[in-house]
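Take a look at the letters that make up each chain.
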Amino acid sequence: IFLLLSLGIAFSGYVSYNNFSEQFHEQAGDQLLTVANLKVNGLSNWRKERLSDSRFLHENLVFAELVQDYFENQNNSIEETKIMAWLDNFRSYTEYERVRLLDIEGQTHLSSPSGLSPISSEVVVQIAEVMESKEVVLVDFYRRNSDENIRLALLIPILDPQTRSTVIGVVAITIDPNIYLFPFIKEWPAASSTAETLLVRRDGDDVLFLNELRFQANTSMSLRIPLDQTEVLAVKAVQEQAGVVEGVDYREHPVIGALKAIPDSPWFLVARIDIAEVETPLRARLWQTLLMMGMAIAVAGAGLITVWRQQRIQY
């Protein structure tokens, strides 16, 4: 009878702990998904806002006429002053670090601030796409040639004001991701010792980490992981897995994370946390369960001993 009672108590404790563990992991996954959804929505809205800002110049016939007159007669100081007023106006946005007027060859003619070095080669390469599509292009993360700083850029084609079929110039706006984008990605809504958000993209046969990481310095646009390391969450993300998954992170630590793709972009987001941190409360619950099981078995044993002794006395 004592053995049967002990087995029953142990089985009940196991079932109780197992159910609690499953519910706890599910709750942790839901929290990660919530964070991932918030980040994805924020990044998607950020991209839309940048493209919306660019349409202010892209669809502006008055500005297009100023640019056309300037390129036809670059000695016209009045047109230059008016264009500079437009460019300076865009620099009122704190994220917009530099604004330039380029010709179709990518040469800088006017800039705010003035006296800038030539625009980075990775931006110049994208001008061909702008010429062909005649649409605004958001140049993804790149390292600037002049100082190796990480930047993004908006390329805004200025169309012929009469025909609207020919690109006569390009406005390039350099975006500093350290002002808003990187702090937004880094922010975590609750206190945690291991949680972080990763922004990655596929780059050839590797996954490239775009933002600075919590546990490794100088990794933005530098850290790469081959796609054949399929247990890494970032690799799972660029391979278009989605939802809550378990794996390892860039430190090869076991983690649980939520994977999401950023709509209309090459970016993927990973919201992750170490499994060890997630399971810290579970260890406390395990000891509580073991203690309760031990007490229940002890009470059952004491009760059986009392009955047994009573029977012996009666006998």
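Residues numbered from 1 in each chain as written. Predicted model: local features only at pLDDT ≥ 70, side-chain atom pairs only at ≥ 80, totals over all residues. Heavy atoms only, no water.

Colleague: Let's hear about the environment of Arg309: which residues, and what values?
Modeller: Summarising the element assignment, Arg309 is placed in helix H8 (residues 280–314). You can call Arg309 exposed: its relative accessible area is 53%. (Helix = DSSP H or I, 4+ residues; strand = E, 2+ residues; numbered from the N terminus. Buried < 20%, exposed > 50% of the residue type's maximum accessible area, 1.4 Å probe, protein only.)

Colleague: I'd like to hear about the sheet that holds strand E6 (residues 196–203), residue by residue, with values.
Modeller: As summarised here, the arrangement of the six strands in space is E8-E7-E6-E11-E10-E9, forming an open sheet in which the pairing is antiparallel. Both outer strands of the open sheet, strand E8 (224–226) and strand E9 (243–248), are each paired with one neighbouring strand and no more. Along the sheet, successive strands turn relative to each other by an average axial angle of 35°, direction set aside. (Pairing = 2+ DSSP bridges. Axes fitted to C-alpha atoms, helices over the stretch in contact; angles between N-to-C directions.)

Colleague: If you had to explain unusual backbone geometry to someone new, which residues and values would you point to?
Modeller: Looking along the chain, the bond that leaves Ser112 and enters Pro113 is cis, with omega of 0°. If you trace the backbone, Pro113 turns up in the loop between strand E2 (108–112) and helix H4 (121–133). At Arg164, a position not held by glycine, the phi torsion is positive, near 55°. Mapped onto the secondary structure, Arg164 falls in the loop between strand E4 (150–159) and strand E5 (167–175). A positive phi angle, close to 65°, is found at Glu252, a residue other than glycine. Tracing the backbone through its elements, the reader meets Glu252 in the loop between E9 and strand E10 (254–261).

Colleague: Tell me about the confidence of the model for the protein, and please be specific about residues and values.
Modeller: Here the protein averages 88 in pLDDT, while 96% of its residues score no lower than 70. Mean pLDDT across the elements of the protein ranges from a minimum in H8, with 77, to a maximum in strand E7 (residues 206–209), with 96. (pLDDT = per-residue confidence, 0-100.)

Colleague: Requested: an account of the pattern of salt bridges, with residues and values cited.
Modeller: Per the stated rule, a full pass over the model turns up 15 salt bridges. One salt bridge connects Arg272 with Glu196, and the closest N-O pair in it is separated by 2.9 Å. Here the residue Arg272 occupies a position in strand E11 (residues 267–274), and Glu196 occupies one in strand E6, the gap between them amounting to 76 residues. Each member of the pair, Arg272 as well as Glu196, is classed as buried. (Salt bridge = Lys/Arg side-chain N within 4 Å of Asp/Glu carboxyl O.)

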